[in-house]
Amino acid sequence: MKDDHIVFRGEVLDLLDQRLLPLEAKRLPCDNVESLIKAIKSMAVRGAPAIGVAAAYGCVLAAREAKDEADLERLLHDLENARPTAVNLSWAVRKMRALWQPGTPLEEAAQIFMAEAIAIHQADIEACRAIGRYGAELIDDGDCVLTHCNAGALATGGYGTALGVIRAAWEAGKKISVIADETRPLLQGARLTAWELRQLGIPVTIACDNACALVMGRGLAQKVVTGADRIAANGDTANKIGTCGVAILARHFDIPFYIAAPLSTIDPSLENGSQIPIESRQTDEVCAINGKRVAPEGVKALNFAFDVTPAALIAGIITERGVLRPPYGESISRIFKGVWK
Ligand code: MRU
């Protein structure tokens, strides 16, 4: 798999348009902040760490196009708020802001931002590889791993978090397979996870989201690993809508449920998951399929993009520094204090 879905070339942030995959691999060049915000909102680029990396490069675009300092501040603010749930987005923009001293010429700010964006991108790939190494130890030879949504290379700077774990186990020679929940309404599992795994040669089968109970009840999955969009200080975890249901079923059927995420996805400022903002998207995504309306005219739909899995259902949080175990309040606080291992 080529990790070229987020590339800064010359004046342009060049993205692989994830909305069209796997049928078309088309590039979406963004040469200003507004076009990048559109790409993030419409999910041409998506996945928590990937939007963090894209936003970091977006700060370079902001510094290049801003007329003055107030304008730069406005652009950074708009970028930071393009989507609300994944904390990696605001984390990346905040990191950039901290490097910028008022009075620094904008040209110089653009250079500082570019160096930091490259570092954030590189660090995310390295974090994913480390997550893979730690997580692979939790996967046994012969396991079928169920995953929800897409937490692969596309959703990160590269390599992937949940799919990073699966890849690393596969690369270590374990004969594993994957069940990818299709992930309604935007089908990140059926389109993107299946596409990535096929390219890697890892056996993958798609299941409808509502097949999860039957799949687990029949013993077809031995582990669950998903990504995360934001993890509160107590370990409650926001991820793609439907993840909490998967975790509840995994507990019922006694299947270990793991989260794989870099430390940039942990938001220690939030005590628990009830404080995580949940994105609500337009109802058309649910009421229409491929642009064709399937629900009766006038019917509205609930389109929450994420839900929160209570920490009590999570067997471990796989990070680049090791696997955090309950009680997460303590293990998360230790890792942020640097008192770990
Ligand atoms: O709405 P999306 O496609 O951006 O949601 C993505 C997810 O929920 C992923 O599981 C999460 O961001 C982790 S990606 C490594």
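Novice: Go over the site of the ligand, please, and point to the residues and values.
Specialist: Close to the ligand lie 19 residues; R46, A48, D229, N239 and K240 are nearest. A distance of 3.0 Å separates an oxygen atom of the ligand from a polar atom in the backbone of G47. Take Q188: an N or O atom from its side chain is 2.9 Å from an oxygen atom of the ligand. For the ligand, whose unbound accessible area comes to 410 Å², protein coverage reaches 99%. Listed by contribution, the elements that provide at least two residues to the shell around the ligand are α2 (48-65) and β9 (237-240). In the shell around the ligand, the residues fall into eight nonpolar, seven polar and four charged.

Novice: Hey, could you go over the pairing of β9 for me, with residue numbers and the actual values?
Specialist: Note that strand β8 (residues 230-232) and β9 share two bridges and pair antiparallel. By the bridge assignment for β9, R230 is matched with A238. Here β8 folds back onto β9 in antiparallel fashion, the turn holding four residues, of which G235 has a positive phi close to 95°. Bridge count for β9 against strand β14 (residues 306-309) is four bridges, and the pairing is antiparallel.

Novice: Before we move on, can you summarise the side chain of D181 with the specific residues and values?
Specialist: Counting through the fold element by element, D181 comes out in strand β5 (residues 177-181). Buried within the structure, D181 lacks any salt-bridge partner; K240 is the closest side chain of opposite charge, at an N-O distance of 12 Å. Only 2.8 Å separates the side chain of D181 from the side chain of H148, close enough to count as a polar contact. In this structure D181 touches L146, T147, H148, C149, G189, A190, A207, D209 and V246, once residues within four positions along its chain are discounted.

Novice: Account for helix α6 (residues 162-171), naming residues and giving values.
Specialist: Among the ten residues that make up α6, eight are buried, leaving the element largely enclosed by the rest of the structure. Taken together, the buried positions of α6 are A162, L163, G164, V165, I166, R167, A168 and A169.

Novice: Can you explain unusual backbone geometry? Please cite residues and give values.
Specialist: Along the chain, R184 connects to P185 via a cis peptide bond; the corresponding omega equals 0°. Note that the residue after P326, namely P327, is joined by a cis bond; omega there is 0°. Residue placement: P327 occurs in the loop between β16 (322-324) and α11 (328-337). Of note, M43 is a non-glycine position whose phi angle comes to about 70°, a positive value. Among the secondary structure elements, M43 is positioned in the loop between α1 (33-41) and α2. Here M43 falls in the buried class, since its relative accessible area comes to 6%. Unlike most non-glycine residues, T183 shows phi in positive territory, near 70°.

Novice: Residue-level account of the packing of helix α5 (residues 106-136) against α6, with values.
Specialist: The geometry of a pair of packed helices is captured by two quantities: the angle between their axes and the separation between those axes. Their axes nearest at 7 Å, the elements α5 and α6 cross at an angle of 65°. Where α5 crosses over α6, the two elements pack in a sense that is right-handed. Every residue of α6 that contacts α5 at I131, G132, R133, G135 and A136 is listed here: G164, V165, A168 and A169. Looking at the contact of α5 with α6 residue by residue, the class counts come to five nonpolar, three polar and one charged.

Cut-off values and rules
- Residues numbered from 1 in each chain as written.
- Predicted model: local features only at pLDDT ≥ 70, side-chain atom pairs only at ≥ 80, totals over all residues.
- Heavy atoms only, no water.
- Near = heavy atom within 4 Å.
- Polar contact = N/O pair within 3.5 Å; in protein donor to acceptor, adjacent residues only side chain to side chain.
- Areas by Shrake-Rupley, 256 points an atom, 1.4 Å probe, with all protein chains shown as cover.
- Helix = DSSP H or I, 4+ residues; strand = E, 2+ residues; numbered from the N terminus.
- Nonpolar A, V, L, I, M, F, W, Y, C, P; charged D, E, K, R; others polar.
- Pairing = 2+ DSSP bridges.
- Buried < 20%, exposed > 50% of the residue type's maximum accessible area, 1.4 Å probe, protein only.
- Lys, Arg positive; Asp, Glu negative; His and termini not counted.
- Salt bridge = Lys/Arg side-chain N within 4 Å of Asp/Glu carboxyl O.
- Contact = heavy atoms within 4.5 Å.
- Axes fitted to C-alpha atoms, helices over the stretch in contact; angles between N-to-C directions.
- Left-handed = near helix turned anticlockwise from the far one by under 90°.

Nothing here speaks to function; it is geometry throughout.
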